[in-house]
Amino acid sequence: NQFSNHSIIGGLYSGQIVIWDLRAKQVPVQRASGHNHPVFSLNVVGTQNSNNLVSVSNDGKLCMWNLNMMSAPTKTIELKSKGKQQQQTAQQSTTQDINCTSLCFSEGDTNSFYAGTEDGTIYQCQINPQMGDDHIIEIFEGHQGPVTSLSLHPSIEQSKNLNGLLLSSSFDWTARLWNPRISTDSLFTLESAEDYVYDAQWHPTIPGTFMCIDGEGYLDVWNLLEDTEVPIMHYRTGINALNKARWNSDGSKLVIGDSNGSVNVIGFHKNKVNASQDKIDIFDLVVNTPIQTEKLDGM
């Protein structure tokens, strides 16, 4: 919980949500039941003075919680999409659950979010739709396996036009970069992993820089301002798969959890990353230029 340094929140395979207090003993101080399927993603959204927990299970059920009163969700919605199969008649319509495996909100937003799913699709959604009861705004397709993580580029003063770039990772061994403002197609497919990519997260203070981790124990750091084909660091931390990683607030350290249950802290030298304003401006032009398709004569 970014608004409470002593609070750690976890989602369980049973569908329960548990909260640990680092000032108390090792067992959870709270347990909540609102899901019947595994909870793969949690987000605390809002501000320091007003925040809520959002949880989503892989049957498409999304719950909002008041962290001070976890007896029951304050709001529950079912995320569903229209079936991809062709309809036999115009009157028929089918829906299917969105099997969520990842979730992310932009900083300060409590309504709009992105959800990654088991089939590789990413959905842009709203908790409170502006019109009707359809929570789906946009659909992004490209990954060929479950989406393991989503991350939105942070608000950084010298690179405001990069805010909102979406980073995703998947079991298809890739990370992808998207600009939802201009296209539903991915801008880049980033391939350096040796196995499933379990997590990818933007650096909190350096524009265009992110890390990703994979099932072979590799940590990759990319500086997209320099290169969109090769990471600036490709480092194997050990023999265990790396499952989850997060930067600290200033990006000087990286906390990584592995499949053996170990957590490691790695230092990161930010001054070694070239993020000059010229490079930011060039990358800004690349990612914010609408993709043009030319129609060839005779085609």
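So, here is what we can say about the structure in this document. All figures in this text were calculated on a predicted structure; none of them were measured in a lab.

Basis of the calculations
Residues numbered from 1 in each chain as written. Predicted model: local features only at pLDDT ≥ 70, side-chain atom pairs only at ≥ 80, totals over all residues. Heavy atoms only, no water. Patch = residues over 30% accessible without salt bridge, like charges linked within 9 Å, V, L, I, M, F, W, Y side chains within 5 Å. Areas by Shrake-Rupley, 256 points an atom, 1.4 Å probe, with all protein chains shown as cover. Salt bridge = Lys/Arg side-chain N within 4 Å of Asp/Glu carboxyl O. Helix = DSSP H or I, 4+ residues; strand = E, 2+ residues; numbered from the N terminus. Buried < 20%, exposed > 50% of the residue type's maximum accessible area, 1.4 Å probe, protein only. Core = buried A, V, L, I, M, F, W, Y, C linked by side-chain atoms within 4.5 Å. Contact = heavy atoms within 4.5 Å. Phe/Tyr/Trp six-rings, centres within 6.5 Å; stacked < 30°, edge-to-face > 60°. Disulfide = S-S within 2.5 Å. 1 Å grid on protein atoms, 1.4 Å probe; cavity = no way out; pocket = protein on both sides within 12 Å on 5 of 7 lines; lining within 4 Å. Points joined across faces, edges and corners; volume = space filled by probe spheres on them. Nonpolar A, V, L, I, M, F, W, Y, C, P; charged D, E, K, R; others polar. Pairing = 2+ DSSP bridges.

**Comments concerning a nonpolar patch on the surface**
A cluster of nonpolar side chains, V255, V263 and V265, forms an exposed patch at the surface whose accessible area comes to about 260 Å². With respect to the helices and strands, the residue V255 is situated in strand β23 (residues 253-258). The class of V255 is partly exposed, set by a relative accessible area of 35%.

**A word on the nonpolar core**
In this structure, L177, F210, L224 and F283 are the most contacted members of the largest nonpolar core, which totals 19 residues. Non-local contacts of F210, meaning those with residues more than four positions away in its chain, are made with L167, L190, A200, Q201, W202, H203, D220, V221, W222 and L224. Of all hydrophobic cores here, the second largest spans 17 residues; its members include M64, C100, L103 and F105.

**As for the packing of aromatic side chains**
One pass over the full model with this rule turns up nine aromatic pairs. Ring geometry for Y196 versus Y198: centroids 6.3 Å apart, planes at 70°, classification edge-to-face. According to the relative accessible area criterion, Y198 is partly exposed, its value standing at 21%. Here W202 and F210 contribute two aromatic rings whose centre-to-centre distance is 5.7 Å and whose plane-to-plane angle is 75°, an arrangement assigned as edge-to-face. F210 shares its class with W202; the two are buried. Counting every residue linked through ring pairs, the aromatic cluster contains Y114, F140 and W178.

**A closer look at the state of the cysteines**
Applying the stated rule across the entire model yields zero disulfides. This cysteine, C100, is not joined by any disulfide, and C125 carries the nearest cysteine sulfur, 7.0 Å off. On the accessibility criterion, C100 (1% relative accessible area) is buried.

**Focus: unusual backbone geometry**
Positive phi, normally seen in glycine, also occurs at W173, with a value near 75°. Here W173 is to be found in the loop between β15 (166-170) and β16 (175-178).

**Side note on empty space enclosed by the protein**
Rolled over the atoms, a probe as big as a water molecule pinpoints where empty space is left. A full pass over the atoms with the stated rule returns one cavity of 30 Å³ or more. Of the voids in this model, the largest cavity is the one considered here, and its volume is about 30 Å³. As for the largest cavity, its lining consists of A175, L190, S192, A193, V197, F210, C212 and W222. Split by residue class, the lining of the largest cavity holds seven nonpolar, one polar and no charged.

**Section: the pairing of strand β19 (residues 209-214)**
Within a regular beta strand, the side chains point alternately toward one face of the sheet and then the other, so they alternate between its two faces. With six of six residues buried, β19 lies mostly within the body of the structure. Two strands pair when backbone bridges link them, and strand β18 (residues 197-202) and β19 are joined in this way by five bridges, in the antiparallel orientation. Bridge pairing in β19 places D199 opposite I213. Hairpin connection from β18 to β19: six residues lie between these consecutive antiparallel strands, with G208 at a positive phi of about 70°. Two strands pair when backbone bridges link them, and β19 and strand β20 (residues 218-223) are joined in this way by five bridges, in the antiparallel orientation.

**Observations concerning the environment of G108**
Along the chain, G108 falls in the loop between β10 (100-105) and β11 (112-117). Take G108: its relative accessible area is 55%, and that puts it in the exposed class. Distance from G108 to T47, taken between C-alpha atoms, is 6.6 Å for residues 61 residues apart in sequence.

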